[in-house]
Amino acid sequence: MAVVYGAFGSRRRGRGEALDALDRLVDDWNAQARALAAQHAAVPRRSVTVDLPPLDRAHGREGEEDRLPRWEAGVLAVYQVAAHWSAGSVDLLVPGPVVDQLLRSGSLAVEAEDGDCLGS
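All figures in this text were calculated on a predicted structure; none of them were measured in a lab.

K.L.:
Can you lay out the pairing of strand 4 (residues 109–112) for me, pointing to particular residues and giving the numbers?
P.N.:
Within a regular strand, the side chains alternate between the two sheet faces. Burial along strand 4 is one-sided: V110 and A112 are buried, while A109 and E111, pointing the other way, are not. For strand 1 (residues 45–51) and strand 4, the ladder comprises four bridges, and the chain directions are antiparallel. The residue of strand 4 that forms the bridge with T49 is E111.

The structure is reproduced here in structure tokens:
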């Protein structure tokens, strides 16, 4: 709104219409965001367990590389429902396409809830 007021200055002519158009634009964005969120919520999820890569870090070592690509680390952060640190695994509840991508990446062992090994 500050942009609208800045563009119109002290003139009032047209400012109301511009603010109305801005309100409609924001309402349209909200409707689109809600529709996309509803689509995302409706996607079937699959429960899987992912084995984490071993951490063999030397204490105080600098410049070490991440064990997981950022995409996989993001998936673990977003879809994690339980962590089993002693077993080195994480339970995820993820949409099917995410499972497919995890399998294609091949850097994590993915096991389905029913015990089927999906990849390693």
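Text resumes after the structure shown.
K.L.:
I'd like a description of helix 4 (residues 96–105), backed by residues and values.
P.N.:
Of all the residues in helix 4, the buried ones are V98, V99 and L102. One side of helix 4 carries all its buried residues, which in axial view fall inside an arc of 100°. In this structure, helix 4 carries P97 and R104 as exposed residues pointing more than 90 degrees from its buried face.

K.L.:
Tell me about the pairing of strand 1, residues and numbers included.
P.N.:
When strand 1 meets strand 3 (residues 89–95), the two strands line up antiparallel, connected through seven bridges. For R46, the partnering residue across the bridge sits in strand 3 and is V94.

K.L.:
For the nonpolar core, give the residues involved together with the corresponding values.
P.N.:
Burial of nonpolar side chains together is a common tendency in soluble globular proteins. Formed by 14 residues in total, the largest nonpolar core has its most connected members in V48, V50, V75, Y79, L92, V94 and L102. Beyond its immediate stretch of four places on either side in the chain, V94 contacts P44, R45, R46, V48, V75, Y79 and V99.

K.L.:
Tell me about a negative patch on the surface, and please be specific about residues and values.
P.N.:
Taken together, the side chains of E17, D20, D23, D27 and D28 make up a negatively charged region of the molecular surface. On the secondary structure map, D28 appears in helix 2 (residues 15–42). Judged by relative accessible area, D28 falls into the partly exposed class, the value being 46%.

K.L.:
Mind laying out the packing of helix 3 (residues 70–79) against helix 4, listing which residues take part and the relevant values?
P.N.:
Contact geometry of helix 3 with helix 4 gives a least axis separation of 11 Å together with a crossing angle of 145°. In this structure, helix 3 meets helix 4 at a crossing whose hand is left-handed. Between helix 3 and helix 4, the contacting residues are W71, E72, V75 and Y79 on the first element and V98, Q101, L102 and S105 on the second. Looking at the contact of helix 3 with helix 4, its residues break down into five nonpolar, two polar and one charged.

K.L.:
Just give me the short version of helix 3, but keep the residues and values in it.
P.N.:
Taken together, the buried positions of helix 3 are occupied by E72, V75, L76 and Y79. In an axial view of helix 3, the angular spread of the buried residues amounts to 100°, which keeps them on one side of the axis. Turned more than 90 degrees away from the buried face of helix 3 sit R70, A77 and V78, all of them exposed.

About the criteria used
Residues numbered from 1 in each chain as written. Predicted model: local features only at pLDDT ≥ 70, side-chain atom pairs only at ≥ 80, totals over all residues. Heavy atoms only, no water. Buried < 20%, exposed > 50% of the residue type's maximum accessible area, 1.4 Å probe, protein only. Helix = DSSP H or I, 4+ residues; strand = E, 2+ residues; numbered from the N terminus. Pairing = 2+ DSSP bridges. Arc of directions from axis to C-beta. Core = buried A, V, L, I, M, F, W, Y, C linked by side-chain atoms within 4.5 Å. Contact = heavy atoms within 4.5 Å. Patch = residues over 30% accessible without salt bridge, like charges linked within 9 Å, V, L, I, M, F, W, Y side chains within 5 Å. Areas by Shrake-Rupley, 256 points an atom, 1.4 Å probe, with all protein chains shown as cover. Salt bridge = Lys/Arg side-chain N within 4 Å of Asp/Glu carboxyl O. Lys, Arg positive; Asp, Glu negative; His and termini not counted. Charge placed at Lys NZ, Arg CZ, Asp CG, Glu CD. Axes fitted to C-alpha atoms, helices over the stretch in contact; angles between N-to-C directions. Left-handed = near helix turned anticlockwise from the far one by under 90°. Nonpolar A, V, L, I, M, F, W, Y, C, P; charged D, E, K, R; others polar.

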